[in-house]
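A closer look at the structure
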Amino acid sequence: MLPLSPAALHILLALAGEDRHGYGIIKEVARQSEGHYKLGSGTLYDNLQKLMDRGLVREATLRSSKADPPRRYYRLMEFGRRVLEADLVRLKTVLREARLYLRTAESGKAS
Amino acid sequence: MKRTFYKCLLWLHPAGFRERYADEMLWIFDETGGQGLGPFTDVLISLLRQWILHSGVWRIAFGAFLSCLLLTGWWHFQEAALASALRRGNPGALKEIKHRHSSGMPCATISGDVIQPAETETGRARSQADTQPCDVADGIQGIVAASQHHPVVMIGEVHWLGPAGEFYVRLIRDQKFQETVEDIVVEFASRNNQPLLDRYIAGEDLPIEEVRHIWRDTTKVASWESPIYAQWLAAIRDVNKGLPPNRRLRVLAGDTAVDWRSIHTHADWEALGDNNVSFAEVIVNEVLRRGHRALVVLGTNHVTKSGDRNGAQDTTTRVESRYPGSTYVVLLDNRGLLQPPVQELVRLHRLPQNAAILCELAGTPLGDFPDHHATPLTSKADALLYLGPPETLTRAFPPAGSLEPTYMKEVDRRSMIEWGELRDRNFLGAAAQ
(Lines give C-alpha, C1' and ligand atoms only; values in the text may rest on other atoms or scores of the structure.)
Protein backbone atom coordinates (compact mmCIF):
# COMPACT_ATOMS: atom_id res chain seq x y z
CA MET A 1 0.00 0.00 0.00
CA LEU A 2 2.95 2.30 0.76
CA PRO A 3 4.35 4.35 -0.78
CA LEU A 4 1.20 5.99 -2.10
CA SER A 5 1.12 7.08 -5.72
CA PRO A 6 1.15 10.88 -6.25
CA ALA A 7 -2.53 10.80 -7.29
CA ALA A 8 -3.57 8.76 -4.24
CA LEU A 9 -1.53 10.97 -1.91
CA HIS A 10 -3.16 14.12 -3.29
CA ILE A 11 -6.66 12.64 -3.11
CA LEU A 12 -6.19 11.55 0.51
CA LEU A 13 -4.79 14.98 1.34
CA ALA A 14 -7.74 16.66 -0.36
CA LEU A 15 -10.13 14.59 1.72
CA ALA A 16 -8.21 15.06 4.98
CA GLY A 17 -10.04 18.32 5.79
CA GLU A 18 -13.58 17.52 4.73
CA ASP A 19 -15.76 15.29 2.57
CA ARG A 20 -15.61 16.33 -1.08
CA HIS A 21 -17.20 15.35 -4.38
CA GLY A 22 -15.04 14.51 -7.42
CA TYR A 23 -14.83 17.98 -8.85
CA GLY A 24 -14.15 19.35 -5.36
CA ILE A 25 -11.20 16.95 -5.02
CA ILE A 26 -9.78 18.09 -8.37
CA LYS A 27 -10.03 21.70 -7.35
CA GLU A 28 -8.51 21.05 -3.93
CA VAL A 29 -5.60 19.11 -5.46
CA ALA A 30 -4.95 22.00 -7.85
CA ARG A 31 -5.02 24.42 -4.93
CA GLN A 32 -2.71 22.33 -2.71
CA SER A 33 -0.17 21.88 -5.50
CA GLU A 34 -0.52 25.47 -6.59
CA GLY A 35 -1.68 24.30 -9.97
CA HIS A 36 1.35 22.08 -10.56
CA TYR A 37 -0.53 18.81 -10.33
CA LYS A 38 -3.57 18.53 -12.54
CA LEU A 39 -5.70 15.54 -11.69
CA GLY A 40 -7.88 14.32 -14.57
CA SER A 41 -11.29 12.84 -13.87
CA GLY A 42 -10.28 9.41 -15.23
CA THR A 43 -7.26 9.27 -12.93
CA LEU A 44 -9.38 10.55 -10.04
CA TYR A 45 -12.11 7.93 -10.26
CA ASP A 46 -9.72 5.10 -11.02
CA ASN A 47 -7.78 5.99 -7.85
CA LEU A 48 -10.91 6.58 -5.80
CA GLN A 49 -12.12 3.14 -6.77
CA LYS A 50 -8.84 1.58 -5.61
CA LEU A 51 -8.82 3.57 -2.36
CA MET A 52 -12.39 2.49 -1.63
CA ASP A 53 -11.55 -1.14 -2.41
CA ARG A 54 -8.72 -0.95 0.14
CA GLY A 55 -10.90 0.68 2.78
CA LEU A 56 -9.05 4.02 2.86
CA VAL A 57 -11.98 6.05 1.53
CA ARG A 58 -15.72 5.52 1.41
CA GLU A 59 -18.65 7.20 -0.22
CA ALA A 60 -20.44 9.61 2.05
CA THR A 61 -24.14 10.34 1.65
CA LEU A 62 -25.37 12.04 -1.50
CA ARG A 63 -25.79 15.76 -1.18
CA SER A 64 -27.51 18.21 -3.47
CA SER A 65 -28.20 21.88 -3.64
CA LYS A 66 -31.12 23.61 -5.32
CA ALA A 67 -28.98 24.42 -8.34
CA ASP A 68 -27.13 21.11 -8.73
CA PRO A 69 -28.23 17.49 -9.04
CA PRO A 70 -27.14 15.11 -6.22
CA ARG A 71 -23.37 14.54 -6.06
CA ARG A 72 -21.40 11.66 -4.55
CA TYR A 73 -19.17 12.80 -1.72
CA TYR A 74 -16.13 10.92 -0.56
CA ARG A 75 -14.82 10.61 2.98
CA LEU A 76 -11.38 9.71 4.34
CA MET A 77 -11.63 6.71 6.67
CA GLU A 78 -9.65 6.36 9.90
CA PHE A 79 -7.52 3.68 8.24
CA GLY A 80 -6.94 6.02 5.29
CA ARG A 81 -5.83 8.76 7.67
CA ARG A 82 -3.26 6.42 9.29
CA VAL A 83 -1.96 5.35 5.90
CA LEU A 84 -1.69 9.00 4.84
CA GLU A 85 0.21 9.85 8.05
CA ALA A 86 2.55 6.91 7.52
CA ASP A 87 3.28 8.05 3.99
CA LEU A 88 3.90 11.59 5.15
CA VAL A 89 6.38 10.28 7.74
CA ARG A 90 8.10 8.42 4.91
CA LEU A 91 8.15 11.56 2.80
CA LYS A 92 9.57 13.56 5.71
CA THR A 93 12.44 11.06 5.96
CA VAL A 94 13.00 11.31 2.22
CA LEU A 95 12.94 15.10 2.49
CA ARG A 96 15.36 15.14 5.41
CA GLU A 97 17.77 12.84 3.60
CA ALA A 98 17.47 14.90 0.45
CA ARG A 99 18.18 18.13 2.30
CA LEU A 100 21.13 16.57 4.10
CA TYR A 101 22.56 15.27 0.86
CA LEU A 102 22.05 18.52 -1.02
CA ARG A 103 23.57 20.55 1.87
CA THR A 104 26.65 18.26 1.97
CA ALA A 105 27.01 18.51 -1.78
CA GLU A 106 26.77 22.32 -1.70
CA SER A 107 29.29 22.67 1.16
CA GLY A 108 31.64 20.33 -0.72
CA LYS A 109 31.42 22.53 -3.79
CA ALA A 110 32.02 25.69 -1.71
CA SER A 111 35.20 24.36 -0.08
CA MET B 1 -18.70 17.91 -30.63
CA LYS B 2 -15.93 17.58 -28.08
CA ARG B 3 -18.48 16.72 -25.45
CA THR B 4 -20.01 14.01 -27.64
CA PHE B 5 -16.59 12.51 -28.29
CA TYR B 6 -15.79 12.58 -24.58
CA LYS B 7 -19.18 10.98 -23.87
CA CYS B 8 -18.38 8.21 -26.37
CA LEU B 9 -15.08 7.53 -24.62
CA LEU B 10 -16.92 7.31 -21.32
CA TRP B 11 -19.46 4.98 -22.84
CA LEU B 12 -16.62 2.63 -23.88
CA HIS B 13 -15.63 2.03 -20.23
CA PRO B 14 -16.64 -1.25 -18.52
CA ALA B 15 -20.27 -1.14 -17.42
CA GLY B 16 -19.57 -1.12 -13.67
CA PHE B 17 -17.25 1.86 -13.86
CA ARG B 18 -19.41 3.68 -16.42
CA GLU B 19 -22.62 3.36 -14.42
CA ARG B 20 -20.93 4.60 -11.29
CA TYR B 21 -18.73 7.44 -12.49
CA ALA B 22 -19.61 8.49 -16.08
CA ASP B 23 -22.12 11.15 -15.05
CA GLU B 24 -19.70 12.70 -12.60
CA MET B 25 -16.86 12.63 -15.11
CA LEU B 26 -19.05 14.34 -17.69
CA TRP B 27 -20.03 16.93 -15.10
CA ILE B 28 -16.35 17.62 -14.36
CA PHE B 29 -15.70 17.86 -18.11
CA ASP B 30 -18.48 20.45 -18.34
CA GLU B 31 -17.19 22.35 -15.34
CA THR B 32 -13.60 22.48 -16.57
CA GLY B 33 -14.64 23.36 -20.11
CA GLY B 34 -12.83 20.40 -21.69
CA GLN B 35 -9.94 22.56 -22.84
CA GLY B 36 -6.93 21.04 -24.59
CA LEU B 37 -6.04 17.38 -24.98
CA GLY B 38 -5.66 16.78 -21.23
CA PRO B 39 -9.19 15.49 -20.51
CA PHE B 40 -9.12 13.22 -23.56
CA THR B 41 -5.67 11.77 -22.80
CA ASP B 42 -6.78 11.20 -19.24
CA VAL B 43 -9.99 9.45 -20.19
CA LEU B 44 -8.18 7.31 -22.77
CA ILE B 45 -5.66 6.17 -20.16
CA SER B 46 -8.55 5.49 -17.80
CA LEU B 47 -10.27 3.48 -20.53
CA LEU B 48 -7.20 1.28 -21.08
CA ARG B 49 -6.57 0.87 -17.38
CA GLN B 50 -10.15 -0.11 -16.64
CA TRP B 51 -10.27 -2.71 -19.38
CA ILE B 52 -6.80 -4.16 -18.89
CA LEU B 53 -6.35 -4.02 -15.14
CA HIS B 54 -9.76 -3.99 -13.55
CA SER B 55 -12.21 -5.73 -15.86
CA GLY B 56 -10.66 -9.21 -15.78
CA VAL B 57 -10.01 -9.09 -19.52
CA TRP B 58 -6.31 -9.52 -18.77
CA ARG B 59 -7.11 -12.89 -17.29
CA ILE B 60 -8.70 -14.00 -20.56
CA ALA B 61 -5.77 -12.57 -22.53
CA PHE B 62 -3.29 -14.25 -20.21
CA GLY B 63 -5.22 -17.52 -20.43
CA ALA B 64 -5.23 -17.33 -24.22
CA PHE B 65 -1.50 -16.59 -24.26
CA LEU B 66 -0.78 -19.47 -21.89
CA SER B 67 -2.96 -21.82 -23.96
CA CYS B 68 -1.09 -20.83 -27.13
CA LEU B 69 2.19 -21.46 -25.34
CA LEU B 70 1.04 -24.89 -24.13
CA LEU B 71 -0.38 -25.83 -27.54
CA THR B 72 2.84 -24.83 -29.24
CA GLY B 73 4.87 -26.84 -26.70
CA TRP B 74 2.60 -29.85 -27.09
CA TRP B 75 2.77 -29.63 -30.87
CA HIS B 76 6.58 -29.48 -30.86
CA PHE B 77 6.73 -32.36 -28.37
CA GLN B 78 4.46 -34.44 -30.58
CA GLU B 79 6.52 -33.65 -33.68
CA ALA B 80 9.70 -34.64 -31.88
CA ALA B 81 8.09 -37.87 -30.66
CA LEU B 82 6.82 -38.62 -34.17
CA ALA B 83 10.23 -37.96 -35.69
CA SER B 84 11.85 -40.17 -33.07
CA ALA B 85 9.28 -42.93 -33.70
CA LEU B 86 9.94 -42.71 -37.42
CA ARG B 87 13.69 -42.97 -36.86
CA ARG B 88 13.07 -46.02 -34.66
CA GLY B 89 11.11 -47.57 -37.48
CA ASN B 90 7.60 -47.30 -36.09
CA PRO B 91 5.36 -48.13 -39.04
CA GLY B 92 2.50 -46.03 -37.68
CA ALA B 93 4.60 -42.88 -37.57
CA LEU B 94 4.89 -42.48 -41.30
CA LYS B 95 1.14 -42.96 -41.63
CA GLU B 96 0.48 -40.24 -39.07
CA ILE B 97 2.83 -37.84 -40.86
CA LYS B 98 1.19 -38.57 -44.18
CA HIS B 99 -2.19 -37.97 -42.61
CA ARG B 100 -0.98 -34.61 -41.35
CA HIS B 101 0.31 -33.66 -44.76
CA SER B 102 -2.88 -34.74 -46.50
CA SER B 103 -5.03 -32.82 -44.03
CA GLY B 104 -2.85 -29.74 -44.34
CA MET B 105 -1.54 -29.89 -40.78
CA PRO B 106 1.90 -28.35 -40.37
CA CYS B 107 4.65 -30.89 -39.80
CA ALA B 108 7.62 -29.08 -41.25
CA THR B 109 10.34 -30.44 -39.00
CA ILE B 110 9.44 -34.02 -39.67
CA SER B 111 8.95 -33.76 -43.38
CA GLY B 112 12.21 -31.88 -43.75
CA ASP B 113 14.41 -33.88 -41.46
CA VAL B 114 13.12 -37.37 -41.55
CA ILE B 115 11.00 -38.29 -44.52
CA GLN B 116 13.13 -36.83 -47.21
CA PRO B 117 16.54 -36.12 -45.77
CA ALA B 118 18.75 -36.49 -48.78
CA GLU B 119 16.23 -36.44 -51.54
CA THR B 120 14.70 -33.03 -50.97
CA GLU B 121 17.07 -31.29 -53.40
CA THR B 122 16.03 -33.47 -56.28
CA GLY B 123 12.35 -33.16 -55.54
CA ARG B 124 11.89 -36.80 -56.46
CA ALA B 125 11.48 -38.25 -53.03
CA ARG B 126 8.07 -36.82 -52.39
CA SER B 127 6.57 -38.46 -55.41
CA GLN B 128 8.29 -41.71 -54.50
CA ALA B 129 6.96 -41.56 -50.95
CA ASP B 130 3.48 -40.90 -52.27
CA THR B 131 3.59 -43.81 -54.66
CA GLN B 132 5.20 -46.41 -52.42
CA PRO B 133 2.92 -49.39 -51.85
CA CYS B 134 2.88 -49.43 -48.05
CA ASP B 135 4.30 -47.82 -44.91
CA VAL B 136 7.81 -49.10 -44.45
CA ALA B 137 9.99 -49.84 -41.45
CA ASP B 138 13.02 -51.96 -40.72
CA GLY B 139 11.67 -55.48 -40.05
CA ILE B 140 13.02 -55.86 -36.54
CA GLN B 141 12.34 -52.32 -35.39
CA GLY B 142 8.89 -52.47 -36.98
CA ILE B 143 7.99 -55.59 -35.01
CA VAL B 144 9.34 -54.06 -31.81
CA ALA B 145 7.27 -50.93 -32.45
CA ALA B 146 4.18 -53.04 -33.15
CA SER B 147 4.80 -54.90 -29.87
CA GLN B 148 4.76 -51.61 -28.03
CA HIS B 149 1.24 -50.95 -29.31
CA HIS B 150 -0.17 -54.49 -29.37
CA PRO B 151 0.43 -57.10 -26.66
CA VAL B 152 0.37 -59.94 -29.20
CA VAL B 153 2.35 -59.69 -32.43
CA MET B 154 1.79 -62.76 -34.59
CA ILE B 155 4.07 -63.80 -37.41
CA GLY B 156 2.38 -66.09 -39.88
CA GLU B 157 5.22 -68.17 -41.23
CA VAL B 158 5.76 -70.53 -44.10
CA HIS B 159 7.34 -73.44 -42.22
CA TRP B 160 10.99 -74.38 -42.55
CA LEU B 161 12.19 -71.26 -44.39
CA GLY B 162 15.88 -70.62 -43.71
CA PRO B 163 15.69 -66.78 -43.97
CA ALA B 164 12.77 -66.80 -41.51
CA GLY B 165 14.86 -68.76 -39.00
CA GLU B 166 17.70 -66.26 -39.35
CA PHE B 167 15.23 -63.39 -38.86
CA TYR B 168 13.80 -64.94 -35.66
CA VAL B 169 17.30 -65.21 -34.22
CA ARG B 170 18.15 -61.60 -35.12
CA LEU B 171 14.85 -60.49 -33.62
CA ILE B 172 15.39 -62.09 -30.21
CA ARG B 173 18.96 -60.76 -30.09
CA ASP B 174 17.66 -57.19 -30.47
CA GLN B 175 17.90 -55.37 -27.16
CA LYS B 176 14.70 -53.39 -27.66
CA PHE B 177 12.84 -56.59 -28.40
CA GLN B 178 14.21 -58.12 -25.19
CA GLU B 179 13.07 -55.04 -23.28
CA THR B 180 9.59 -55.07 -24.81
CA VAL B 181 8.49 -58.69 -25.04
CA GLU B 182 8.28 -61.29 -22.26
CA ASP B 183 6.95 -64.39 -24.03
CA ILE B 184 7.39 -66.21 -27.32
CA VAL B 185 4.56 -68.57 -28.23
CA VAL B 186 5.54 -71.31 -30.68
CA GLU B 187 3.71 -73.88 -32.69
CA PHE B 188 6.58 -76.38 -32.65
CA ALA B 189 6.12 -77.50 -29.04
CA SER B 190 3.20 -79.16 -27.27
CA ARG B 191 1.96 -77.96 -23.92
CA ASN B 192 2.81 -81.19 -22.08
CA ASN B 193 6.45 -80.40 -22.83
CA GLN B 194 6.34 -76.93 -21.21
CA PRO B 195 8.36 -78.07 -18.13
CA LEU B 196 11.05 -79.55 -20.39
CA LEU B 197 11.04 -76.39 -22.51
CA ASP B 198 11.38 -74.21 -19.40
CA ARG B 199 14.35 -76.22 -18.14
CA TYR B 200 16.10 -76.03 -21.51
CA ILE B 201 15.45 -72.31 -22.03
CA ALA B 202 16.58 -71.60 -18.46
CA GLY B 203 20.00 -73.02 -19.40
CA GLU B 204 19.88 -76.43 -17.76
CA ASP B 205 22.29 -78.95 -19.29
CA LEU B 206 20.10 -81.55 -20.94
CA PRO B 207 21.04 -84.33 -23.39
CA ILE B 208 19.89 -83.65 -26.96
CA GLU B 209 17.95 -86.94 -26.88
CA GLU B 210 15.73 -85.34 -24.24
CA VAL B 211 15.61 -81.82 -25.70
CA ARG B 212 14.39 -82.90 -29.12
CA HIS B 213 11.19 -84.26 -27.62
CA ILE B 214 10.20 -80.57 -27.58
CA TRP B 215 9.86 -80.31 -31.38
CA ARG B 216 9.37 -84.01 -32.15
CA ASP B 217 6.41 -84.79 -29.91
CA THR B 218 3.78 -82.43 -31.27
CA THR B 219 0.40 -83.12 -32.82
CA LYS B 220 1.82 -82.58 -36.33
CA VAL B 221 4.10 -85.45 -37.30
CA ALA B 222 7.76 -84.63 -38.03
CA SER B 223 6.81 -81.06 -38.91
CA TRP B 224 9.60 -79.32 -37.03
CA GLU B 225 12.72 -81.21 -38.06
CA SER B 226 14.03 -78.18 -39.91
CA PRO B 227 17.08 -77.01 -37.92
CA ILE B 228 15.74 -73.43 -37.79
CA TYR B 229 13.52 -74.27 -34.81
CA ALA B 230 16.19 -75.99 -32.72
CA GLN B 231 18.61 -73.17 -33.59
CA TRP B 232 16.09 -70.57 -32.53
CA LEU B 233 15.52 -72.26 -29.17
CA ALA B 234 19.29 -72.48 -28.66
CA ALA B 235 19.62 -68.77 -29.47
CA ILE B 236 16.90 -67.84 -26.97
CA ARG B 237 18.62 -69.99 -24.34
CA ASP B 238 21.88 -68.19 -25.14
CA VAL B 239 20.27 -64.71 -24.96
CA ASN B 240 18.70 -65.57 -21.60
CA LYS B 241 22.10 -66.29 -20.10
CA GLY B 242 22.93 -62.59 -20.50
CA LEU B 243 19.62 -61.28 -19.12
CA PRO B 244 18.61 -60.74 -15.49
CA PRO B 245 16.24 -63.51 -14.30
CA ASN B 246 13.18 -61.24 -14.26
CA ARG B 247 13.78 -60.10 -17.86
CA ARG B 248 14.43 -63.49 -19.46
CA LEU B 249 12.39 -64.51 -22.48
CA ARG B 250 9.99 -67.37 -21.85
CA VAL B 251 9.06 -69.74 -24.65
CA LEU B 252 5.50 -70.98 -24.37
CA ALA B 253 4.54 -74.28 -25.99
CA GLY B 254 1.36 -73.53 -27.91
CA ASP B 255 0.43 -76.85 -29.50
CA THR B 256 -2.20 -79.17 -28.00
CA ALA B 257 -0.80 -81.56 -25.40
CA VAL B 258 -0.19 -84.99 -26.93
CA ASP B 259 1.13 -88.34 -25.72
CA TRP B 260 1.84 -90.38 -28.86
CA ARG B 261 2.11 -93.54 -26.79
CA SER B 262 -1.67 -93.43 -26.39
CA ILE B 263 -2.44 -92.50 -30.01
CA HIS B 264 -3.15 -95.60 -32.05
CA THR B 265 -5.81 -94.67 -34.59
CA HIS B 266 -6.75 -91.70 -36.71
CA ALA B 267 -9.77 -91.21 -34.45
CA ASP B 268 -7.39 -90.94 -31.48
CA TRP B 269 -5.45 -88.32 -33.38
CA GLU B 270 -8.57 -86.42 -34.47
CA ALA B 271 -9.73 -86.36 -30.87
CA LEU B 272 -6.83 -84.06 -30.14
CA GLY B 273 -8.94 -81.36 -31.77
CA ASP B 274 -8.15 -78.04 -33.40
CA ASN B 275 -4.79 -76.75 -32.18
CA ASN B 276 -5.99 -73.15 -32.72
CA VAL B 277 -7.96 -73.66 -29.50
CA SER B 278 -4.76 -74.53 -27.67
CA PHE B 279 -2.75 -71.63 -29.15
CA ALA B 280 -5.50 -69.17 -28.22
CA GLU B 281 -5.74 -70.57 -24.67
CA VAL B 282 -2.01 -70.18 -24.13
CA ILE B 283 -2.04 -66.62 -25.48
CA VAL B 284 -5.02 -65.61 -23.38
CA ASN B 285 -4.05 -67.36 -20.14
CA GLU B 286 -0.27 -67.07 -20.16
CA VAL B 287 0.17 -63.74 -21.94
CA LEU B 288 -2.82 -61.40 -21.93
CA ARG B 289 -4.21 -62.28 -18.49
CA ARG B 290 -0.75 -61.72 -17.02
CA GLY B 291 -0.37 -58.38 -18.75
CA HIS B 292 2.56 -59.67 -20.81
CA ARG B 293 3.60 -58.99 -24.38
CA ALA B 294 4.30 -61.86 -26.73
CA LEU B 295 5.67 -62.71 -30.12
CA VAL B 296 3.66 -65.58 -31.58
CA VAL B 297 5.02 -67.63 -34.48
CA LEU B 298 2.52 -69.96 -36.13
CA GLY B 299 1.74 -71.10 -39.64
CA THR B 300 0.00 -68.47 -41.79
CA ASN B 301 -3.29 -70.37 -41.74
CA HIS B 302 -3.46 -69.99 -37.94
CA VAL B 303 -3.03 -66.23 -37.81
CA THR B 304 -4.88 -64.54 -40.69
CA LYS B 305 -7.28 -61.92 -39.36
CA SER B 306 -10.15 -63.15 -41.51
CA GLY B 307 -10.05 -66.72 -40.11
CA ASP B 308 -8.42 -69.79 -41.67
CA ARG B 309 -8.51 -70.71 -45.35
CA ASN B 310 -11.86 -72.50 -44.86
CA GLY B 311 -13.39 -69.50 -43.16
CA ALA B 312 -13.29 -71.20 -39.75
CA GLN B 313 -11.98 -69.58 -36.57
CA ASP B 314 -8.22 -69.50 -36.26
CA THR B 315 -5.98 -68.42 -33.40
CA THR B 316 -6.23 -64.69 -34.15
CA THR B 317 -10.01 -64.59 -34.38
CA ARG B 318 -10.28 -66.59 -31.14
CA VAL B 319 -7.95 -64.25 -29.27
CA GLU B 320 -9.57 -61.15 -30.78
CA SER B 321 -13.04 -62.33 -29.70
CA ARG B 322 -11.81 -62.20 -26.08
CA TYR B 323 -9.28 -59.38 -26.28
CA PRO B 324 -10.32 -57.11 -29.16
CA GLY B 325 -7.49 -55.10 -30.66
CA SER B 326 -4.80 -57.09 -28.87
CA THR B 327 -3.22 -58.66 -31.95
CA TYR B 328 -1.04 -57.38 -34.77
CA VAL B 329 -0.68 -59.85 -37.62
CA VAL B 330 2.41 -60.01 -39.81
CA LEU B 331 2.46 -62.31 -42.82
CA LEU B 332 5.60 -63.35 -44.60
CA ASP B 333 5.78 -62.01 -48.15
CA ASN B 334 6.56 -65.28 -49.91
CA ARG B 335 4.86 -64.26 -53.16
CA GLY B 336 7.24 -61.41 -53.94
CA LEU B 337 4.54 -58.76 -53.62
CA LEU B 338 7.14 -56.34 -52.37
CA GLN B 339 9.91 -57.46 -54.66
CA PRO B 340 9.64 -54.90 -57.46
CA PRO B 341 9.70 -51.80 -55.25
CA VAL B 342 11.94 -53.16 -52.53
CA GLN B 343 15.19 -51.63 -53.75
CA GLU B 344 13.51 -48.27 -53.99
CA LEU B 345 12.06 -48.70 -50.48
CA VAL B 346 15.45 -49.62 -49.08
CA ARG B 347 17.00 -46.54 -50.69
CA LEU B 348 14.18 -44.21 -49.77
CA HIS B 349 14.18 -45.25 -46.12
CA ARG B 350 17.95 -45.60 -45.86
CA LEU B 351 17.71 -49.21 -44.75
CA PRO B 352 20.71 -51.53 -45.02
CA GLN B 353 20.83 -53.62 -48.18
CA ASN B 354 19.21 -57.04 -47.60
CA ALA B 355 17.38 -55.64 -44.56
CA ALA B 356 14.17 -57.28 -43.51
CA ILE B 357 11.34 -54.87 -44.25
CA LEU B 358 8.02 -54.54 -42.52
CA CYS B 359 5.33 -53.00 -44.66
CA GLU B 360 2.24 -51.81 -42.84
CA LEU B 361 -0.82 -52.25 -45.00
CA ALA B 362 -3.71 -50.19 -43.63
CA GLY B 363 -4.72 -47.42 -46.00
CA THR B 364 -2.07 -48.28 -48.60
CA PRO B 365 -2.35 -49.59 -52.18
CA LEU B 366 -0.84 -52.92 -51.16
CA GLY B 367 -3.46 -53.28 -48.45
CA ASP B 368 -6.11 -53.35 -51.20
CA PHE B 369 -4.27 -56.08 -53.12
CA PRO B 370 -6.66 -59.05 -53.46
CA ASP B 371 -5.75 -62.69 -52.85
CA HIS B 372 -7.17 -65.44 -55.08
CA HIS B 373 -10.48 -65.22 -53.16
CA ALA B 374 -10.60 -61.47 -53.90
CA THR B 375 -10.05 -60.76 -50.19
CA PRO B 376 -7.97 -57.62 -49.76
CA LEU B 377 -4.65 -58.20 -48.03
CA THR B 378 -5.52 -55.78 -45.28
CA SER B 379 -8.37 -58.03 -44.12
CA LYS B 380 -5.86 -60.79 -43.53
CA ALA B 381 -2.91 -58.99 -41.99
CA ASP B 382 -1.66 -55.71 -40.57
CA ALA B 383 1.72 -55.93 -42.23
CA LEU B 384 3.86 -57.90 -44.65
CA LEU B 385 7.35 -59.04 -43.75
CA TYR B 386 9.78 -59.02 -46.64
CA LEU B 387 12.83 -61.25 -46.12
CA GLY B 388 13.99 -61.42 -49.71
CA PRO B 389 12.80 -62.37 -53.20
CA PRO B 390 10.83 -65.64 -53.44
CA GLU B 391 13.73 -67.59 -54.96
CA THR B 392 15.82 -66.96 -51.82
CA LEU B 393 13.10 -68.14 -49.45
CA THR B 394 14.26 -71.73 -49.43
CA ARG B 395 13.54 -74.40 -46.87
CA ALA B 396 16.21 -75.47 -44.42
CA PHE B 397 16.22 -79.28 -44.33
CA PRO B 398 17.79 -81.44 -41.66
CA PRO B 399 21.12 -82.91 -42.79
CA ALA B 400 21.07 -86.14 -44.79
CA GLY B 401 20.86 -89.23 -42.59
CA SER B 402 20.52 -87.15 -39.44
CA LEU B 403 17.27 -88.74 -38.33
CA GLU B 404 17.95 -91.97 -36.51
CA PRO B 405 16.15 -95.18 -37.66
CA THR B 406 14.22 -95.70 -34.42
CA TYR B 407 12.77 -92.19 -34.72
CA MET B 408 11.96 -92.69 -38.40
CA LYS B 409 10.13 -95.90 -37.47
CA GLU B 410 8.00 -93.87 -35.04
CA VAL B 411 7.52 -91.16 -37.70
CA ASP B 412 6.21 -93.78 -40.06
CA ARG B 413 3.78 -95.07 -37.43
CA ARG B 414 2.52 -91.55 -36.71
CA SER B 415 2.29 -90.79 -40.45
CA MET B 416 0.04 -93.74 -41.00
CA ILE B 417 -2.18 -92.57 -38.14
CA GLU B 418 -2.34 -88.94 -39.30
CA TRP B 419 -2.33 -89.37 -43.09
CA GLY B 420 -2.89 -93.06 -43.81
CA GLU B 421 0.36 -92.99 -45.84
CA LEU B 422 4.10 -92.36 -45.34
CA ARG B 423 3.78 -88.73 -46.34
CA ASP B 424 6.25 -87.38 -43.77
CA ARG B 425 9.08 -89.61 -44.98
CA ASN B 426 8.72 -87.96 -48.39
CA PHE B 427 9.09 -84.36 -47.27
CA LEU B 428 11.89 -85.13 -44.83
CA GLY B 429 13.97 -85.95 -47.89
CA ALA B 430 17.56 -87.11 -47.48
CA ALA B 431 17.42 -86.76 -43.69
CA ALA B 432 15.11 -89.76 -43.56
CA GLN B 433 17.38 -92.00 -45.66
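Everything in this summary refers to the structure shown in the same document.

Each value, and the rule that gives it
Residues numbered from 1 in each chain as written. Chains lettered and ligands numbered in written order. Predicted model: local features only at pLDDT ≥ 70, side-chain atom pairs only at ≥ 80, totals over all residues. Contact = placed C-beta atoms within 7 Å. Helix = DSSP H or I, 4+ residues; strand = E, 2+ residues; numbered from the N terminus. Nonpolar A, V, L, I, M, F, W, Y, C, P; charged D, E, K, R; others polar. Axes fitted to C-alpha atoms, helices over the stretch in contact; angles between N-to-C directions. Left-handed = near helix turned anticlockwise from the far one by under 90°. Pairing = 2+ DSSP bridges.

Before going further, it helps to examine the interface of chain A and chain B. Contact residues are listed per partner, giving 11 residues for chain A and 15 residues for chain B. When residues of the side of chain A that touches chain B are traced back to their parent elements, those giving at least two are helix H2 (22–32) and helix H3 (41–53) of chain A. The biggest single contributor to the side of chain A that touches chain B is H3(A), with five residues. Partitioned by chemical class, the residues of the side of chain A that touches chain B number three nonpolar, five polar and three charged.

Put simply, H3(A) and helix H2 (residues 15–32) of chain B touch, their axes get as near as 10 Å, and they point 145° apart. Of the two elements, H3(A) crosses H2(B), and the hand of that crossing is right-handed. Facing H3(A), whose interface residues are Ser41(A), Gly42(A) and Tyr45(A), H2(B) presents Tyr21(B), Met25(B), Ile28(B) and Phe29(B). Tallied by class, residues from the contact of H3(A) with H2(B) come to five nonpolar, two polar and no charged.

Residue and element names in this part refer to chain B. With mixed pairing, the eight strands of this open sheet are ordered in space as E1-E7-E8-E6-E2-E5-E3-E4. The two strands at the open ends of the sheet, each matched to only one other strand, are strand E1 (135–138) and strand E4 (250–255). The average angle at which neighbouring strand axes cross in this sheet is 30°, direction not considered. Where strand E2 (residues 152–157) and strand E5 (residues 294–299) come together, six bridges link them in parallel fashion. Looking at the pairing, Ile155 lines up with Val297 of E5. Of the strands in this sheet, E2, strand E3 (183–190), E4 and E5 touch helix H16 (residues 275–288), which is tilted by about 150° from E4.

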